[in-house]
Each structure stands twice: as C-alpha cells, then as structure tokens.
Amino acid sequence: MVNKSLHNPVYFEEIVHRISLLTENTPQRWGKMNVSQMLRHCDFVLQVALGEIELSRINILFEAIGIITRIEMQIFNNGIPRNMPTFQKLIINFECDFDESKTNLLNTLKDFRAASENKDLPDRHRLFGKMTEKDWGFLEYKHLDHHLKQFNV
C-alpha cells in the first residue's frame, strides 16, 4: 500500500478535489465539528507546519506516545483514530463561515506546498517529535484524509 503524501502532486490534487466537494450542509459521520469548523481546524493544523501557530509544550510521556504513533502510522500506513485528543489551540468549538474557512484552508494548503518545496518546514512537532519533510507530507495528508472521511468525501 502506498503512503500518500501532500508532496506528491497527484495526492495533493486529490485532497483539493475532495475539499471542493464539501458544501455548507455536508453532514458529519462522527465527531462534534460541523463542516465549517472542520475546515478551520484543518487550516490551523497546517498552520502549525508553517510555523504560524505554535503548540504548547506537552509532557514527555505524551511526546513519547506521539513519536511511537507517528512511526506506527508510517510503518502500517494507518489512519488517525476517531475522536483522538487534540491540542487546545486546534479545537474549533465556535461558529465559522463556510466559504471563508474553505478558502483559507485551500490557501494554506498552497502555502504548505510552497514551504515544502522550499524545504522550509520545521524539524520538530510538539507531539510527533523530530520530523522530516517526508513526515510532514505524510502526516498532513493523513490528517486531511481523516477529516474528509469524517464528512464522507
């Protein structure tokens, strides 16, 4: 099975296409976020990779679990589990404008692609530890895929 990544133009365009299929009324299959909140959440997660949002430090035990999870996801090509805990800064529990959230996510995706091509992504993540460009592309794809599946696209 192929480890899909946002670095690959085919999978990048797949994600963009799937985002384009969402409407303001797309129902979620699980979770608490509506589609507008999910789009904003995914935008914020990509902003972490761009250094625009800084996550708070976590307990070393949680980072160790995060590193093991990253490695396990890469080896077995697993997805992200449903209802996985997230950093407080990335929780979107307020109303969001659908069109604005969608546009912002698509723009941030382009910024991520440019940063990746320029080898300008961080070398660490608060939860997943040491990161390579390859790690970022894989994990960001998995995160977006998880939430798009949440909305059946």
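Each remark here, short or long, concerns the structure printed above.
A short tour of the structure in this document, coming up. (Residues numbered from 1 in each chain as written. Predicted model: local features only at pLDDT ≥ 70, side-chain atom pairs only at ≥ 80, totals over all residues. Heavy atoms only, no water.)

Moving on to unusual backbone geometry. As a rule of thumb, non-glycine residues mostly have phi less than zero, and peptide bonds are mostly trans rather than cis. With a phi angle near 55°, Asn77 is a residue other than glycine that sits in the positive phi range. Here Asn77 lies in the loop between α3 (60–76) and α4 (98–117). One non-glycine residue, Lys119, lies in positive phi territory at about 55°. When its relative accessible area of 62% is taken as the criterion, Lys119 is described as exposed. (Helix = DSSP H or I, 4+ residues; strand = E, 2+ residues; numbered from the N terminus. Buried < 20%, exposed > 50% of the residue type's maximum accessible area, 1.4 Å probe, protein only.)

Assignment of secondary structure puts Thr108 in helix α4. Given the relative accessible area of 7%, Thr108 is considered buried. Each C-alpha atom of the pair Thr108 and Leu46 lies 6.8 Å from the other, and the pair is 62 residues apart in sequence. Not counting chain neighbours up to four residues away, the residues in contact with Thr108 comprise Asp43, Leu46, Gln47 and Leu50. (Contact = heavy atoms within 4.5 Å.)

On to helix α2 (residues 35–49), then. With 15 residues, α2 ought to run about 21 Å at 1.5 Å a step, and its terminal C-alpha atoms sit 22 Å apart, in line with that. Taken across its 15 residues, α2 has 15 buried, putting it largely inside the fold. (Expected span 1.5 Å × (residues − 1).)

We now examine the nonpolar core. Within the largest apolar cluster, 41 residues are counted, with the highest numbers of intra-cluster contacts made by Leu6, Ile15, Leu22, Met38, Leu109, Phe112 and Leu144. Elements with a minimum of two residues in this core: α1 (9–20), α2, α4 and α5 (133–150). Here this core takes 9 residues from α2, the largest share from any one element. (Core = buried A, V, L, I, M, F, W, Y, C linked by side-chain atoms within 4.5 Å.)

For the rest of this paragraph, the subject is the pattern of salt bridges. A full pass over the atoms with the stated rule returns 8 salt bridges. Put simply, Glu14 and Arg18 hold a salt bridge, and the shortest N to O gap is 2.9 Å. Of this pair, Glu14 and Arg18 are both found in helix α1, 4 residues apart, which corresponds to roughly one turn of the helix. Salt-bridge contacts for Arg70 lead to Asp135; the nearest nitrogen and oxygen are separated by 3.8 Å. With Arg70 in helix α3 and Asp135 in helix α5, this pair connects stretches of sequence that are 65 residues apart. Of the two residues, Arg70 and Asp135, neither departs from the other in class, the shared state being buried. The network of salt bridges with common partners includes Lys4, Glu14, Arg18, Asp145 and Lys149. (Salt bridge = Lys/Arg side-chain N within 4 Å of Asp/Glu carboxyl O.)

Our next topic: α3. Along an α-helix, residues three or four apart share an orientation, since each turn contains 3.6 residues. A rise of 1.5 Å per residue sets the reference length of α3, with its 17 residues, at 24 Å; its end C-alpha atoms lie 24 Å apart and thus fit the reference within 8%. Restricting attention to buried positions, one finds in α3 the residues Glu63, Gly66, Arg70 and Met73. Looking straight down α3, one finds that the buried residues subtend no more than 85° of arc, so they occupy a single side. Of the exposed residues in α3, those oriented more than 90 degrees away from the buried face are Ile60, Leu61, Ile68, Ile75 and Phe76. Capping the start of α3, Asn59 holds a side-chain oxygen 2.6 Å from the backbone nitrogen of Leu61, two or three residues further along. After α3 finishes, the residue Asn77 shows a positive phi value of roughly 55°. (Arc of directions from axis to C-beta. Polar contact = N/O pair within 3.5 Å; in protein donor to acceptor, adjacent residues only side chain to side chain.)

Geometry only, nothing functional implied.
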